[in-house]
Amino acid sequence: MNKKRIGVYVCHCGTNIAGVVDVENVAKWALEELGEEGVVVSKDNKFMCSSVGQELIQTDIEEQGLNRVVVAACSPHLHEKTFRTASERAGLNPYLCEMASIREQVSWVHTDKAIATQKAKAMVAGAVRRVAQHEPLEPIHVPINEATLVVGGGIAGIQAALEIANAGHPVYLVEREPSIGGHMAQFDKTFPTLDCAACILTPRMSEVGMHPKIDLMTWSEVENVDGYVGNFNVRIRKKSRFINLADCNGCGICEQKCPVKIVDKNFEAGIGYRKAIYRPFDQAIPNYPVLDQPNCTYFIKGTCKACEKFCPTGAINFEKEDELVNVEVGNIILATGYDLYDTKKIPQYGFGRLPNVFSSLEFERMCNAAGPTSGEIVLRDGVTKPKSVGIVHCAGSRDLNHNNYCSSICCMQSLKFAHLVHERTGATIYNFYIDMRTPGKDYDEFYQRVLEEKTFFIRGKVSEISDAARNEEEEGKLVVQVEDTLLGEQRRIPLDMVILSAALVPKADSGDVAKQFGISCSSNGWFSEKHPKLDPISTMTEGIFIAGCATGPKDIPASVSQGSAAAARVISYIETGVLALEPIRATVSEENCSGCRICNDLCPYNAIVFHDETMVSEINHALCQGCGTCVAACPAGAISGTGFSNEQILAQVKGLLMLDFAEPELEKVP
Amino acid sequence: MTKPFEPMIIGFTCNWCSYRAADLAGTSRKKYPPNIRLVRMMCSGRLDPVFVLEAFSGGADGVMITGCHPGECHYIEQNFKALRRVLLLKRTIEPLGINPQRLKLVWASASEGNLFAKEVETFIGEVRDLGPLNWQKRAMRNDLRLVESLPEEVPV
């Protein structure tokens, strides 16, 4: 084995590091004391990440024949790639370059110069010893299947599917409900432009329905996901609609003739009705109805078949069963959306007990011209127009008893409600808010407009909504008890109608979905991004992307942007054809494996397979994400982890412990 | 006057949460005592008990393991495996003459720079109170005889 020739480069980072750490001293010490470890070059530079700094490394690799590089500078999360690329340019394998984070972990968090310098030296020693154990690595290449699976047919999923399909690549769009459209299809208007939601959404929906590259599977659910980036195998259950789709022309006669009327808790948010055979709304895509088996008279009593009798094309098929489809895709985009917080969980607001307290989605349906009241804003009795309306922001948001986060859309949604009530009823309107949050384009202008419409804004969290009148004025009304924090007094406001702007919460089964696709959730239940700022649409699992409200509350423009962004990433993967993965992977040595299978159950990605014939385990490198749990667990030490091997970590620990504490300096750096 | 005892702590941090929390503590210039030196791992589940023992025998007075909060692991659930190992390890090191309080597991997400700094500071204080470990020296002094005879370090 050839001799280690290690170059150490200590960065000043202007005064960021040099202000606390004696950088020259560290560099000098490394050359003098770590010579035995293989250090042959040790230098300091004002900015190692500058082109001058990078060239310094390159020149030394070329001229001094360095075969390992240590850069003591900032966190590897910032510049590891920079220095690895610089090493690679000089012909050194990029994985033979290691960083010591003496800025984030030393100069920025410590003040005593002598001790900080000592710690920086120890960290350099750790990195030098570690890098000596490094082996050249090559990225793992996996081919990418051209097809993509998009889960969720709301606006984010629609956008993602269209972007990919328009680039010429096949897409499978899976939606659980009978139609795509998601929550946006339920809305009447969208803020702040007051565009009609259906008018802007339905063209997109029909584009999806007709797109030759999109295979739309509604009333379907993903049952199983196998495989890894580039090569997923997904089993989808197409639930039976009890309709022969080839024969159905979507005339809707079955729906008219069906004698069963059911409260539609889903699309109509519980304030409207649908039949047992139905399309959720007129512009549904696809336009085929769904037979609701648990509520169908034929399935309950064995007679009826009115739909079959009147169907002009004979498309009804009571024997039709669920269909299982297997698809192979290279990437998956999850755009599974959100649920509305159940405001019954806030008992003091009286939803479900006081008839004229409405949830935001109920109000959306009520406003909608295609909704149960044809767009009339009326009380629960269905006829009386309210003369006074209260809108409660943050119902279940920003509340430690419910959800501690801001649901982001409720302020604007409440302003939209205020405008619609004003426009359609002329009622007096009160908005009860904690803080007004209007950070989007034209959002605050809309707030100004609503202010000019003489809506009252009361800054305070509503403590109770009740029907207990204390005087004549409150008789027969809903009374909102609130502390007006601007006036500094308690107020009781009698109103005809109250709308609760409920919080957005993760889908009830988001935890199961996350598990199915092998991604993680935050403590609130939203899907976790790879990086909250720099990679908000990727997940930790390669090839699985997230878009829209599945990652947290978002308005429509943000959901659309994320749909496009996820699509762009997928398209770039498809166009490349082959993906290079970080080679941080675990490998089983066949010779040393005793076949105990301890590792088999530890892997959350099912990357470890056991071969019965040879009685050894093997790790699939495309599935393995490199966490290293199996490496640590193997009792035979048969599993090694590239990039983070036992030898590397132990060598680093030894290096870190090389130096004891320095005598503290009397003079502290301010 | 003798030099006051300053403990040496080795920290094993998860690449995705606590290593980034340490980054954030740095970026936000949050000060904590310099007694800790960090090792990055891809996941707290990578923690091989040998790493901890090697750190103690190499001169560390305390070992801190930091991972993502339960349910937030970037590898889905591997931090629970770290938790299991740490609990077992605490029982293992006790008969070896190491106070289990010298080993600590902390959950810190990438956004919890302040928490990370605070936990480090607390742990350094705890280990400072326990005094120097000198595990290897004590073991040598005892001529590697049965570990029961190891002096001091009786857990409370």
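Residues numbered from 1 in each chain as written. Chains lettered and ligands numbered in written order. Predicted model: local features only at pLDDT ≥ 70, side-chain atom pairs only at ≥ 80, totals over all residues. Heavy atoms only, no water.

Looking now at the overall build of chain A. Along its length, chain A carries 17 helices and 34 strands. Overall, the C-alpha framework of chain A stretches about 90 × 70 × 45 Å when taken along its three principal axes. The proportion of buried residues among the 670 residues of chain A is 57%. Here the analysis covers contacts within chain A between residues at least 6 apart in sequence; of these, 69% occur between residues at least 24 apart. Total accessible area on chain A is roughly 28300 Å²; 48% of this is exposed by carbon and sulfur atoms. Taking the 65 positively charged and 84 negatively charged side chains of chain A as two groups, their mean positions are separated by 4 Å. (Helix = DSSP H or I, 4+ residues; strand = E, 2+ residues; numbered from the N terminus. Buried < 20%, exposed > 50% of the residue type's maximum accessible area, 1.4 Å probe, protein only. Contact = heavy atoms within 4.5 Å. Areas by Shrake-Rupley, 256 points an atom, 1.4 Å probe, with all protein chains shown as cover. Lys, Arg positive; Asp, Glu negative; His and termini not counted. Charge placed at Lys NZ, Arg CZ, Asp CG, Glu CD.)

Contacts between chain B and chain A engage 53 residues on the former and 53 residues on the latter. Taken as a group, B:Arg37, B:Arg40 and B:Arg46 account for 16% of the area that chain B buries against chain A, more than any other trio of residues on that side. Connecting chain B to chain A are one salt bridge. The closest approach of N and O atoms between A:Glu80 and B:Arg40, which form a salt bridge, is 3.1 Å. (Buried area = accessible area lost by both parts, 1.4 Å probe. Salt bridge = Lys/Arg side-chain N within 4 Å of Asp/Glu carboxyl O.)

Residue and element names in this part refer to chain A. For the structure shown, the criterion picks out one disulfide over all chains. Two residues, cysteine 196 and cysteine 199, share a disulfide whose sulfurs are 2.4 Å apart. Residues cysteine 196 and cysteine 199 are joined by a disulfide whose S-S torsion is about 85 degrees; by sign, that bridge is right-handed. The class of cysteine 196 is partly exposed, set by a relative accessible area of 25%. Free of any disulfide, cysteine 406 has its nearest cysteine sulfur in cysteine 410, 6.4 Å distant. (Disulfide = S-S within 2.5 Å.)

Residues and elements named next belong to chain B. The parallel open sheet is built from four strands, whose spatial order is S2-S1-S3-S4. If you trace the sheet from one side to the other, it starts and ends with strand S2 (36–41) and strand S4 (103–107), each paired once. Taken pair by pair, the neighbouring strands of this sheet meet at an average axis angle of 20 degrees, ignoring direction. (Pairing = 2+ DSSP bridges. Axes fitted to C-alpha atoms, helices over the stretch in contact; angles between N-to-C directions.)

Along its sequence, chain A is carved into domain 1 (6–137 + 651–656), domain 2 (240–321), domain 3 (338–505) and domain 4 (586–641). For domain 2 of chain A versus domain 4 of chain A, the separation of C-alpha centres amounts to 51 Å. (Domains from an automatic or database assignment.)

To continue, consider the confidence of the model for chain B. The predicted coordinates should not be examined in detail at positions where pLDDT is low. Model confidence for chain B is summarised by a mean pLDDT of 87, while 88% of its residues fall at 70 or above. Scored by ipTM, the complex comes to 0.92, with pTM at 0.79. (pLDDT = per-residue confidence, 0-100.)

It is worth spelling out the pairing of strand S23 (residues 456–459) of chain A at this point. Residues and elements named next belong to chain A. Pairing analysis gives four bridges linking strand S22 (residues 428–433) to S23, with the strands arranged parallel. Of the residues in S23, the one forming a bridge with tyrosine 433 is arginine 459. Read as a crossover between parallel neighbours, the route from S22 over helix H13 (residues 443–452) to S23 is right-handed. (Right-handed = clockwise from strand over helix to strand, strands pointing away.)

Residue and element names in this part refer to chain A. On inspection of all chains with the given rule, the structure shows 36 salt bridges over all chains. A salt bridge links lysine 43 to aspartate 60, with the shortest nitrogen-to-oxygen separation between them at 2.8 Å. A residue pair is termed long-range when its members are at least 10 positions apart, and lysine 43 in strand S2 (residues 39–45) and aspartate 60 in helix H2 (residues 51–64) qualify at 17 residues. On the accessibility criterion, lysine 43 (27% relative accessible area) is partly exposed. One network of salt bridges, with partners in common, ties together Arg176, Glu221, Lys239 and Asp509.

The next point concerns the packing of helix H6 (residues 155–166) of chain A against helix H7 (residues 197–210) of chain A. Residues and elements named next belong to chain A. Contact geometry of H6 with H7 gives a least axis separation of 10 Å together with a crossing angle of 50 degrees. Judged by the inter-axis angle, H6 sits oblique to H7. Here H6 and H7 pass one another in a crossing that is left-handed. Counted together, Ile155, Ile158, Gln159, Leu162 and Asn166 of H6 and Leu201, Arg204, Met205, Glu207 and Val208 of H7 form the full contact between these two elements. (Parallel < 35°, antiparallel > 145°, perpendicular 65-115°, else oblique. Left-handed = near helix turned anticlockwise from the far one by under 90°.)

Here we come to the packing of aromatic side chains. Aromatic rings in a pair are described by how distant their centres are and how their planes are angled relative to each other. The tally for this structure, following the rule as stated, stands at 15 aromatic pairs over all chains. Aromatic pair B:Phe12 and B:Phe51: ring centres 6.0 Å apart, planes at 25 degrees, arrangement stacked. Of the two residues, B:Phe12 sits in strand S1 (residues 9–14) while B:Phe51 sits in helix H2 (residues 49–57), which places them 39 residues apart along the sequence. B:Phe12 gets classed as buried once you look at its relative accessible area, which sits at 0%. Residue classification places B:Phe51 among the buried residues on the basis of a relative accessible area of 0%. In this structure an aromatic cluster arises from ring pairing among A:Phe242, A:Tyr298, A:Phe299 and A:Phe318. Looking at A:Lys239, its charged tip hangs above the ring of A:Trp219, at a distance of 4.2 Å from the centre. Directly above the aromatic system of A:Phe187 lies the positively charged group of A:Lys416, at a separation of 5.2 Å from the ring centroid. (Phe/Tyr/Trp six-rings, centres within 6.5 Å; stacked < 30°, edge-to-face > 60°. Lys NZ or Arg CZ within 6 Å of the ring centre and 35° of its normal.)

Residues and elements named next belong to chain B. Within the secondary structure, aspartate 61 is located in the loop between H2 and strand S3 (62–67). The side chain of aspartate 61 sits in the buried core without any salt bridge; arginine 102 is the nearest counter-charge, 4.7 Å away. Engagement of the side chain of aspartate 61 in a polar contact is seen with the backbone nitrogen of leucine 133, the distance being 3.0 Å. Among all residues touching aspartate 61, those that are not within four sequence positions of it are Phe5, Glu6, Pro7, Met8, Phe56, Arg102, Val127, Pro132, Leu133 and Asn134. (Polar contact = N/O pair within 3.5 Å; in protein donor to acceptor, adjacent residues only side chain to side chain.)

Moving on: the sheet that holds strand S1 (residues 6–11) of chain A. Residues and elements named next belong to chain A. Strand order in the open sheet made by the four strands is S2-S1-S3-S4, with parallel pairing throughout. The sheet terminates laterally at S2 and strand S4 (97–101), the two strands that pair on one side only. On average, each strand axis in the sheet is inclined to that of its neighbour by 15 degrees, with strand direction left out of account. Relative to strand S3 (residues 68–73), S1 runs parallel, the two being bridged by five bridges. Directly across from glycine 7, in S3, lies its bridge partner valine 69. Taken strand by strand, H2 contacts S1, S2 and S3, and its axis lies near 165 degrees from that of S2.

The subject of this paragraph is unusual backbone geometry. All names here are of chain A. The omega angle of the peptide bond from phenylalanine 191 to proline 192 is -10 degrees, so this bond is cis rather than trans. Topologically, proline 192 is positioned in the loop between strand S8 (189–190) and strand S9 (195–196). Cis geometry is adopted by the peptide bond preceding proline 286, which originates at isoleucine 285 and carries an omega value of -5 degrees. Considering the arrangement of structural elements, one finds proline 286 in the loop between strand S15 (277–278) and strand S16 (290–291). The phi torsion at lysine 305 lies on the positive side, around 50 degrees, for a residue other than glycine. Among the structural elements, lysine 305 can be located in the loop between helix H9 (297–301) and helix H10 (306–310). For lysine 305, a relative accessible area of 28% puts it in the partly exposed group.

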